[in-house]
Amino acid sequence: MSDTAKINLLDLNFEQLKAFFSDRGEKAFRATQVTKWIHHRCVDDFDEMTDLSKSLREMLKRDAEVRAPEVVLEQKSADGTRKWVLDLDNQATASRTTPAIGNKVEMVFIPEDGRGTLCVSSQVGCSLDCSFCSTARQGFSRNLSVAEIIGQVWQAKRTLLELGEDERLTNVVMMGMGEPLMNYRPVIQAVNTMMDDMGYGLSKRKVTISTSGMVPAMERMIEDTQCALAVSLHAPNDSLRDELVPINKKHPLNELMGVCDRWVEAGPKRNVTYEYVMLEGVNDNREQAHELGKLLKAREAKVNLIPFNPFPNSGYKRSSEARIKEFKRILNSYGVFTFPRKTRGDDIDAACGQLVGKVQDRSRRHLKFAQPRFGERNSK
Ligand code: SF4
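A.B. asks: Describe the overall build of the chain, and please don't skip the residues or the numbers.
C.D. replies: The number of helices and strands found in the chain is twelve helices and 14 strands. By sequence separation, contacts in the chain at least 24 residues apart represent 68% of the contacts at least 6 residues apart. For the chain, the computed accessible surface area is about 17,800 Å², with 49% contributed by carbon and sulfur atoms.

A.B. asks: How would you sum up the packing of helix α5 (residues 184-195) against helix α6 (residues 215-224)? Please name residues and give values.
C.D. replies: Direction vectors running N to C along α5 and α6 enclose 30°, while the axes themselves pass 12 Å from each other. The two elements α5 and α6 meet at a crossing, and its hand is right-handed. Across the interface between the two elements, Y184, I188 and N192 from α5 touch A217, R220, M221 and D224 from α6. For the contact of α5 with α6, the per-class residue count stands at four nonpolar, one polar and two charged.

A.B. asks: How would you explain the sheet that holds strand β12 (residues 272-278) if you had to name every residue and give the values?
C.D. replies: Reading across the sheet, the ten strands line up as β3-β4-β5-β6-β9-β10-β11-β12-β13-β14 and stay open at both edges, with mixed pairing between neighbours. The sheet is open, and its two edges are formed by β3 (70-76) and β14 (337-340), each paired on a single side. Taken over all neighbouring pairs, the strand axes of this sheet differ in orientation by 20° on average, direction set aside. For β3 and strand β4 (residues 82-87), the ladder comprises six bridges, and the chain directions are antiparallel. The residue bridging E70 from the neighbouring strand is D87, located in β4. Strands β9 (171-174) and β10 (207-211) of the sheet are contacted by α5, whose axis makes an angle of about 155° with β10. Each of β11 (228-232) and β12 touches helix α9 (residues 253-265); the most contacted strand, β12, lies at about 140° to it.

A.B. asks: Residue-level account of unusual backbone geometry, with values.
C.D. replies: A positive phi angle is found at C42, which is not glycine, with a value near 55°. Relative to the assigned elements, C42 resides in the loop between α2 (29-40) and α3 (54-63). Using a relative accessible area of 4% as the deciding quantity, one classes C42 as buried. Positive phi, close to 65°, is recorded for D129, a residue that is not glycine. Along the chain, D129 turns up in the loop between β7 (123-125) and β8 (140-143).

A.B. asks: Describe the packing of α6 against α9, with residues and values.
C.D. replies: Between two packed helices, what matters for the description is the angle formed by their axes and the separation of those axes. With their axes 10 Å apart at the nearest point, α6 and α9 run at an angle of 5° to one another. Classified by the angle their axes make, α6 and α9 are roughly parallel. Contacts between α6 and α9 involve V215, M218, E219, M221 and I222 on the former and, on the latter, E255, L256, V259, C260, R262 and W263. Class assignment for the residues of the contact of α6 with α9 results in eight nonpolar, no polar and three charged.

A.B. asks: Can you break down the side chain of Q155 residue by residue, with the values?
C.D. replies: With respect to the helices and strands, Q155 occurs in helix α4 (residues 146-163). Given the relative accessible area of 10%, Q155 is considered buried. For Q155, the residues in contact, after removing those within four places along its chain, are A68, P69, E70, V71, L86 and M107.

A.B. asks: Tell me about the nonpolar core, residues and numbers included.
C.D. replies: By size, the foremost hydrophobic cluster in this structure holds 104 residues, and its most contacted members are L9, L60, L118, M194 and Y274. The contacts of L118, once residues within four sequence positions are left out, are W84, M107, V108, F109, Q152, V153, A156, L169, N171, V172 and V173.

The rules behind each value
- Residues numbered from 1 in each chain as written.
- Predicted model: local features only at pLDDT ≥ 70, side-chain atom pairs only at ≥ 80, totals over all residues.
- Heavy atoms only, no water.
- Helix = DSSP H or I, 4+ residues; strand = E, 2+ residues; numbered from the N terminus.
- Contact = heavy atoms within 4.5 Å.
- Areas by Shrake-Rupley, 256 points an atom, 1.4 Å probe, with all protein chains shown as cover.
- Axes fitted to C-alpha atoms, helices over the stretch in contact; angles between N-to-C directions.
- Left-handed = near helix turned anticlockwise from the far one by under 90°.
- Nonpolar A, V, L, I, M, F, W, Y, C, P; charged D, E, K, R; others polar.
- Pairing = 2+ DSSP bridges.
- Buried < 20%, exposed > 50% of the residue type's maximum accessible area, 1.4 Å probe, protein only.
- Parallel < 35°, antiparallel > 145°, perpendicular 65-115°, else oblique.
- Core = buried A, V, L, I, M, F, W, Y, C linked by side-chain atoms within 4.5 Å.

Given below as structure tokens:
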């Protein structure tokens, strides 16, 4: 079997891994052994899987691989936030069919007291064009595979284990580059593996899919996963939301709130977290706070007020702390749980997609300079 035909075991959930072994005449318990090596101990070298026989290890080397996206750049903020750029071009399948340049995504690890949150990407770029988003400026390249999504968790866990620091990965949010529900099947399989004891064993409430409001896919999620749900709301009415989050033109607020209500009704511990990025003079005045309070007061809702992370030519500014405090006070007066988030990683490229944007700009410039100059081209 050639290298390109090897099966990346990060692409398989536990049931598929059992099938992989049974197809090769091996007992199901081999899947338990191997899954623990891969997901619990973050081992990618079959020779290190010492409780497997030599012949089994040889078969695995011939037929399979454990291949996560490769870290090509790391930034660490003074507040402990780590941001990594991952290159997907070492992946065996999809990326070989797309140009090498541009297949990079970001993941961010945010350590806090007693917990560590990993923000994971689901697409290279994004097609949804939210007006305040750095990733949107890059356009859309392609969806990530299961291995590329789960491989981010694998890579982060392995890095933290290697660093030996007292930082643990306890939470995952699908809130990095891309709209997760535009890449539905791989994202659902990956988050289900994150919550599976034969995967990463994270609690259901600590694995979150964040969507800008893909209503039909949210409807499917009700049946397909038990993870937590966050909605990027950012505006209390359709006219402003049409401008900030253009998918709202297709799925306006009444549809979005309807599916959120059905999500909550579908299970005893289900609620929705609404994300609201605070943009000075755009969505942060008192009337808008009252409007949002009225929209959410009868719902199982929690609101995160997120200070905007500025990036060059964004056209937006971060709301002042006083404005965020006042917005929270008004929402609280409607009984809506509201949490102003701290700014993190201010000294690094903190806006989602910003660091990859820089890396790709550099790469594009590099390519441009690598082109034959006028005259050289014609002389051939
Ligand atoms: S905010 Fe999310 S959905 Fe909107 S453009 Fe950015 S990555 Fe896409």
